[in-house]
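Close look at the chain arrangement
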Amino acid sequence: SDVSHTMQHWHVYQKWNRKLFKEMYQAYKAGRMGADPSGFWYQGELGFFDNYIIPLSKKLKECGVFGVSSDEYLGYALKNRAEWEERGEEMLKGMIEEVEQLYPSAAETTDTNVETASGS
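Remember, predicted model here, so these are calculated numbers, not experimental data.

**Describing the nonpolar core**
Soluble globular proteins tend to bury their nonpolar side chains together. F21, W41, W84 and L92 are the most contacted members of the largest nonpolar core, which totals 21 residues. If you list the elements that add at least two residues to this core, you get α1 (10-29), α2 (41-63) and α3 (69-102). Considering each element in turn, this core owes the most residues, eight residues, to α3. If sequence neighbours within four positions are ignored, L92 has contacts with F21, S38, W41 and Y42.

**Side note on the packing of α1 against α3**
Two numbers describe a pair of packed helices, the interaxial angle and the distance between the axes. Two numbers describe how α1 lies on α3: the axes approach to 10 Å, and their chain directions differ by 40 degrees. By the angle between their axes, α1 is oblique relative to α3. Two packed elements cross with a definite hand, and for α1 against α3 that hand is right-handed. On α3, the residues that touch W10, Y13, Q14, N17, R18, F21, K22 and Y25 of α1 are N80, E83, W84, R87, M91, L92, M95, I96, E98, V99, E100 and L102.

**Points about the side chain of N17**
Along the chain, the position of N17 falls in helix α1. For N17, the side chain forms a polar contact with the side chain of W41, separated by 3.0 Å. Not counting the four nearest positions on each side in its chain, N17 is found in contact with H5, W41, E45, W84 and M95.

**A word on α2**
Between its first and last C-alpha atoms α2 spans 31 Å; for 23 residues at 1.5 Å apiece the expected length is 33 Å, and the two agree. Within the span of α2, buried status applies to W41, Y42, E45, L46, F49, I53, I54, S57 and L60. Along its buried surface, α2 packs onto α1 and α3. Directly beyond the C-terminal end of α2, a positive phi value near 70 degrees is found at G64.

**Thoughts on the confidence of the model for the chain**
The predicted model of the chain averages 88 in pLDDT, with 87% of residues at 70 or higher. Confidence drops under a pLDDT of 50 for residues 109-114, and excluding neighbours within four residues, the segment shows one contact in the predicted structure.

**Points about the packing of aromatic side chains**
One pass over the full model with this rule turns up eleven aromatic pairs. Relative to W41, the ring of F21 lies with its centre 5.2 Å away and its plane at 75 degrees, an arrangement referred to as edge-to-face. Taken together, the residues F21 in helix α1 and W41 in helix α2 connect sequence positions 20 residues apart. Accessibility expressed as a relative area gives 0% for F21, which makes it buried. The exposure class of W41 is buried, given its relative accessible area of 4%. Taking 5.6 Å as the distance between ring centres and 10 degrees as the angle between the ring planes, the aromatic pair formed by F48 and Y52 counts as stacked. Of this pair, F48 and Y52 both sit in helix α2, separated by four residues, roughly a single helical turn. An aromatic cluster of three or more residues is present, and its members are F21, Y25, Y28, F40, W41 and Y103. Sitting over the ring of W16, K19 keeps its end group 5.6 Å from the ring centre.

Criteria and thresholds
Residues numbered from 1 in each chain as written. Predicted model: local features only at pLDDT ≥ 70, side-chain atom pairs only at ≥ 80, totals over all residues. Heavy atoms only, no water. Core = buried A, V, L, I, M, F, W, Y, C linked by side-chain atoms within 4.5 Å. Buried < 20%, exposed > 50% of the residue type's maximum accessible area, 1.4 Å probe, protein only. Helix = DSSP H or I, 4+ residues; strand = E, 2+ residues; numbered from the N terminus. Contact = heavy atoms within 4.5 Å. Axes fitted to C-alpha atoms, helices over the stretch in contact; angles between N-to-C directions. Parallel < 35°, antiparallel > 145°, perpendicular 65-115°, else oblique. Left-handed = near helix turned anticlockwise from the far one by under 90°. Polar contact = N/O pair within 3.5 Å; in protein donor to acceptor, adjacent residues only side chain to side chain. Expected span 1.5 Å × (residues − 1). pLDDT = per-residue confidence, 0-100. Phe/Tyr/Trp six-rings, centres within 6.5 Å; stacked < 30°, edge-to-face > 60°. Lys NZ or Arg CZ within 6 Å of the ring centre and 35° of its normal.

If you want it as structure tokens, here you go:
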């Protein structure tokens, strides 16, 4: 799913992009990933499209390996890249808010525990 979702309808791309971001953020919070993905996600997606997905889609089209579907894959990749460039920063803000609620920082967890213990 790291690749195929980028060459499908926008709603499919969004769904799997969110899931991958959540998975990587969870790994970061658990100490299994060195960098917070929220710091590089927007630009990283653009680079992934430009340097991997779009060239791959063009090669699939040239080879004709998927017949007429190859045209669709390239078209979706180009549309998704353009849509992400336009809306991705705003979407990322929402994704960050969502994962921060699911995986609060240690300081936030400690504050909540102190408030609960003191009866506040």
